[in-house]
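In case you want the letters, here they are:
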Amino acid sequence: MQTNNNRQSNLTRGILLIILSAFCFAFMNAFVKLSGDLPSVQKSFFRNFIAFLIALVLLIKDRNNFRFQKEGMGYLLLRSVFGTIGILCNFYAIDQLVLSDASMLNKMSPFFTILFSWIFLKERLRPFQGIAVLTAFLGSLLIIKPTLDFTDFIGSAAGLFGGICAGFAYCMVRILGQKGMSKTFIVAFFSGFSCLVTLPFLMLNFHPMTWTQLLFLIGAGAAAAGGQFTITAAYCYAPAKEISVYDYSQIIFSTALGFLFFSEIPDGWSFLGYIIIIAAAVGMFWYNNFYLPQKEKIPAK
């Protein structure tokens, strides 16, 4: 059992780490978009290869992190499979949409992390939390703007599906963290797995790159490594329902970078979608951290 001081300390660490991860992932998305017209698989490979090299160096420096727990293998594979699908969908969406829109759809992941945590970790999902998840989904429709023109819709749908996959992957990270698996090992395994999966497709459809594109992809990989380490640590320290709202700081970072590098300004419907999703996230945070603790102090009649 954690003492109140330990719990508060872990919660503070989780909050700081998830804000830092949002900052890193915003730069990753910007670097991916700056790398230009390259296949999503190729971008994904370089993003994960750089992250894998960084994680491998850290594993070699601290060999205690090489400890492998056999009972966690299934969760590790699920984290890697769904994480890889999420990245590919996110990168495709980044190429098709305004940077902040793609980031916002990917940021549906905290809601799905909470939903999957309810299913797999038996972390209680109360009616208010379920309503917040549904509200966030409805807000995402304002960003997606469903249309009969499938070519316009597919990028938004990919972004949303990427967020769902990421939510499932982070639920697996939460399970692995509870089992005491090394955070560095989780990142190294996921990055290596993604590289192996995308390598055959890269070899079959490799597009030559300029030095500038290569540098941007290296930057994306370095930023992704920072984001992976910090978000993995964040969900190991604290439950999704207590820290996920801070992940939405990425939208602030992404909107600023989109305007700075691409002169992008989201439309009014997208801004309304942002407001609804962030309001749902803030409402859930208030409910989990203020309303429920007060309610639980009141003895049942």
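Quick look at the structure, then.

Time to look at the overall build of the protein chain. The helix and strand inventory of the protein chain stands at 12 helices and 0 strands. Looking at the protein chain residue by residue over its 301 residues, the buried ones come to 52%. Here the protein chain has roughly 14,300 Å² of accessible surface; of this, 70% comes from carbon and sulfur atoms.

Another point: the nonpolar core. Soluble, globular proteins show a tendency: their nonpolar side chains are buried together. Membership of the largest hydrophobic core comes to 53 residues, with the highest contact counts inside it found for Met 28, Phe 111, Ile 243 and Ile 277. When near neighbours in sequence (up to four residues on either side) are disregarded, Phe 111 contacts Ala 132, Val 133, Ala 136, Tyr 248, Ile 277, Ala 280, Ala 281 and Met 284. If you look at the next biggest cluster of nonpolar residues, it comprises 12 residues, including Ala 51, Ala 55, Leu 59 and Phe 185.

Turning our attention to helix α2 (residues 40-61). Spanning 22 residues, α2 covers 32 Å between terminal C-alpha atoms, matching the ideal 32 Å at 1.5 Å per step. All of the buried residues in α2 are Ser 40, Gln 42, Lys 43, Ser 44, Phe 45, Phe 46, Arg 47, Asn 48, Ile 50, Ala 51, Ala 55 and Leu 59.

As a further point, take the packing of aromatic side chains. Taken as a whole and judged by the stated rule, the model has 14 aromatic pairs. Each ring, one from Phe 116 and one from Phe 120, has its centre 6.4 Å from the other, and the planes form 40°; the classification is tilted. Of this pair, Phe 116 and Phe 120 both sit in helix α5 (residues 109-120), separated by 4 residues, roughly a single helical turn. Classification of Phe 116 as buried rests on a relative accessible area of 15%. Aromatic side chains Phe 261 and Phe 262 sit 6.3 Å apart centroid to centroid with 65° between the ring planes, which places their arrangement in the edge-to-face category. Sitting above the plane of the Phe 262 ring, Lys 33 keeps its charged end 5.7 Å from the centroid. Geometry around Tyr 237 places Lys 183 over its ring, the cationic atom sitting 5.2 Å from the centre.

Looking now at the pattern of salt bridges. Per the counting criterion, the structure on display carries 1 salt bridge. As a salt-bridge pair, Asp 95 and Lys 43 come within 2.7 Å of each other at their nearest N and O atoms. Here Asp 95, found in helix α3 (residues 73-96), pairs with Lys 43, found in helix α2; they are 52 residues apart in sequence, far enough to count as distant. What makes Asp 95 partly exposed here is its relative accessible area of 30%. Residue classification places Lys 43 among the buried residues on the basis of a relative accessible area of 0%.

Let us now look at the side chain of Ser 191. Note on placement: Ser 191 falls in helix α8 (residues 183-204). The class of Ser 191 is buried, set by a relative accessible area of 0%.

Okay, the packing of helix α4 (residues 99-106) against helix α11 (residues 249-262) next. Where α4 meets α11, the axes come as close as 8 Å, and the angle between the chain directions of the two elements is 160°. The orientation of α4 with respect to α11, classified from their angle, is roughly antiparallel. Two packed elements cross with a definite hand, and for α4 against α11 that hand is right-handed. Contact with α4, carried on its side by Leu 99, Ser 100, Ser 103 and Met 104, involves Gln 250, Ile 251, Ser 254, Thr 255, Leu 257, Gly 258 and Phe 262 of α11 and no other residues of that element.

What follows concerns the packing of α2 against α8. If you want to describe how two helices pack, look at the angle between their axes and the distance between the axes. The contact between α2 and α8 brings their axes to 8 Å, and the two run at 145°. Handedness of the crossing formed by α2 with α8: left-handed.

Conventions and cut-offs
- Residues numbered from 1 in each chain as written.
- Predicted model: local features only at pLDDT ≥ 70, side-chain atom pairs only at ≥ 80, totals over all residues.
- Heavy atoms only, no water.
- Helix = DSSP H or I, 4+ residues; strand = E, 2+ residues; numbered from the N terminus.
- Buried < 20%, exposed > 50% of the residue type's maximum accessible area, 1.4 Å probe, protein only.
- Areas by Shrake-Rupley, 256 points an atom, 1.4 Å probe, with all protein chains shown as cover.
- Core = buried A, V, L, I, M, F, W, Y, C linked by side-chain atoms within 4.5 Å.
- Contact = heavy atoms within 4.5 Å.
- Expected span 1.5 Å × (residues − 1).
- Phe/Tyr/Trp six-rings, centres within 6.5 Å; stacked < 30°, edge-to-face > 60°.
- Lys NZ or Arg CZ within 6 Å of the ring centre and 35° of its normal.
- Salt bridge = Lys/Arg side-chain N within 4 Å of Asp/Glu carboxyl O.
- Axes fitted to C-alpha atoms, helices over the stretch in contact; angles between N-to-C directions.
- Parallel < 35°, antiparallel > 145°, perpendicular 65-115°, else oblique.
- Left-handed = near helix turned anticlockwise from the far one by under 90°.

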